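Here are the chains, one letter per residue:
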Amino acid sequence: MNFLRRGSSATSAPASPDGDTEAVEEQDVVSVGGQRGQNTGKGRPTRSRREAEGRRRGPVAPAPKTQREAMKRAKTLRGDKGQRREAAADRRKRMAAGDDRVLPVRDRGPLKAFVRDLVDSRRHLMGLFMPLAVLIFITVVVPIPGIQNIGSLLCLCMLAAMVVEGTLLGRQILARVREKFPNEEAKGLSLGWYAFTRATQIRKLRMPAPRVTVGQPVS
């Protein structure tokens, strides 16, 4: 007596230990002379998705329970204090040298370096901006009307001279930049303000440090 047999056996993919769904590979069925052939497998177990992607998952550290524990963990992640100090010193050194990789976005590029060289190659009345701010503070603090009047008049005259000088400097730098970088989009207001802020800083405190001396021609 012939029993009914199932025409095809259903194979179910074993579940991976980590719960990920395994990739099912399609198997070819060979038909020769009208007869159904045997399925050809790959001969090895299917890797899980985690193994295929090369992921490594470890246990997650518990959240800190106290503020002291959180500060201690943050200090551990930041590293040694000496190493941080050395990294900061190295960063300042590279910024002073004009390394674009550590400079702020507004200071990057050969165009901005050219503007800095033009500003650093001459002396400016605008370099007295910070001493002038100290003078203004003194005239406000000292309760003598005569000194306050003289100081206020002097400060107004110097500020007016700085504005005129900054305007002329911006025009000169814009003309030089357009001559040297004809294919670059040079915005007059942006470059003028950049040159003005550079010129108002004390030379020794400028960052990046000046690459040219006063009176040195810049080409």
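*Asks:* Could you clarify how one ought to interpret the pattern of salt bridges in this entry?
*Replies:* Between side chains of opposite charge, a pair can form when the charged atoms approach closely. In total, this model carries seven salt bridges according to the counting rule given. Between Arg-106 and Asp-107 there is a salt bridge; the shortest N-O distance is 3.6 Å. Asp-107 gets classed as buried once you look at its relative accessible area, which sits at 4%. A salt bridge links Arg-198 to Asp-120, with the nearest nitrogen and oxygen atoms 2.8 Å apart. Of this pair, Arg-198 sits in helix H7 (residues 188-199) while Asp-120 is found in helix H4 (residues 110-120), placing the two residues 78 residues apart along the sequence. Judged by its relative accessible area of 5%, Arg-198 falls in the buried class. With a relative accessible area of 0%, Asp-120 lands in the buried category. The network of salt bridges with shared partners includes Asp-90, Arg-94, Asp-99 and Arg-101.

*Asks:* Could you clarify how one ought to interpret the environment of Ala-113 in this entry?
*Replies:* Locating Ala-113 in the fold gives a position in helix H4. Separated by 98 residues in the primary sequence, Ala-113 and Arg-211 place their C-alpha atoms 9.3 Å from one another.

*Asks:* Explanation requested: the nonpolar core in the structure shown.
*Replies:* Note that soluble globular proteins tend to have their nonpolar side chains buried in a common cluster. Within the largest apolar cluster, 22 residues are counted, with the highest numbers of intra-cluster contacts made by Val-115, Ile-173, Val-177 and Leu-191. Counting only elements with at least two residues in this core, the list comes to H4, helix H6 (145-180) and H7. For this core, the element with the most residues is H6, which contributes seven residues. If near-sequence neighbours (up to four positions away) are discounted, Val-115 is found in contact with Ile-173, Val-177, Leu-191, Tyr-194 and Ala-195.

*Asks:* When you look at helix H3 (residues 81-96) in this model, what are you seeing that I'm missing?
*Replies:* Helical geometry note: an α-helix holds 3.6 residues per turn, so side chains three or four residues apart project in the same direction. Here H3 is 16 residues long and its end C-alpha atoms lie 23 Å apart, about the 22 Å a rise of 1.5 Å per residue gives. Just past H3, the residue Gly-98 takes up positive phi, approximately 85°.

*Asks:* Even after reading the chapter, I still don't get the side chain of Ser-121, so can you show me in this structure?
*Replies:* By the element assignment, Ser-121 lies in the loop between H4 and helix H5 (129-141). Classification of Ser-121 as buried rests on a relative accessible area of 12%. In terms of polar contacts, Ser-121 uses its side chain to reach the backbone carbonyl oxygen of Leu-118, at 2.8 Å. In this view, Ser-121 contacts Val-212, Thr-213, Val-214, Gly-215, Gln-216 and Val-218; residues no more than four positions away in its chain are not counted.

*Asks:* Explain the packing of H4 against H7 here, please?
*Replies:* Here H4 crosses H7 at 45°, and the two axes come no closer than 10 Å. Relative to H7, the element H4 is oriented oblique. Where H4 crosses over H7, the two elements pack in a sense that is right-handed. Only Leu-191, Tyr-194, Ala-195, Arg-198 and Ala-199 of H7 make contact with H4, whose side of the interface consists of Leu-111, Lys-112, Val-115, Arg-116, Val-119 and Asp-120. Looking at side-chain class alone, the contact of H4 with H7 contains seven nonpolar, no polar and four charged residues.

*Asks:* How do you make sense of unusual backbone geometry when you look at a structure like this?
*Replies:* Most of the time, phi is negative for any residue but glycine, and the peptide bond is trans. A cis amide bond links Met-207 to the next residue, Pro-208, at an omega of 0°. If you trace the backbone, Pro-208 turns up in the segment after H7.

*Asks:* When you look at the packing of H4 against H6 in this model, what are you seeing that I'm missing?
*Replies:* One can describe the packing of H4 onto H6 by two numbers: an axis separation of 11 Å at closest approach and a directional angle of 135°. Considered as vectors, H4 and H6 are oriented oblique to each other. The handedness of the crossing between H4 and H6 comes out as right-handed. Here Leu-111, Phe-114, Val-115, Leu-118 and Val-119 of H4 come into contact with H6, specifically with Ile-173, Arg-176, Val-177 and Lys-180.

Definitions and cut-offs
- Residues numbered from 1 in each chain as written.
- Predicted model: local features only at pLDDT ≥ 70, side-chain atom pairs only at ≥ 80, totals over all residues.
- Heavy atoms only, no water.
- Salt bridge = Lys/Arg side-chain N within 4 Å of Asp/Glu carboxyl O.
- Buried < 20%, exposed > 50% of the residue type's maximum accessible area, 1.4 Å probe, protein only.
- Helix = DSSP H or I, 4+ residues; strand = E, 2+ residues; numbered from the N terminus.
- Core = buried A, V, L, I, M, F, W, Y, C linked by side-chain atoms within 4.5 Å.
- Contact = heavy atoms within 4.5 Å.
- Expected span 1.5 Å × (residues − 1).
- Polar contact = N/O pair within 3.5 Å; in protein donor to acceptor, adjacent residues only side chain to side chain.
- Axes fitted to C-alpha atoms, helices over the stretch in contact; angles between N-to-C directions.
- Parallel < 35°, antiparallel > 145°, perpendicular 65-115°, else oblique.
- Left-handed = near helix turned anticlockwise from the far one by under 90°.
- Nonpolar A, V, L, I, M, F, W, Y, C, P; charged D, E, K, R; others polar.

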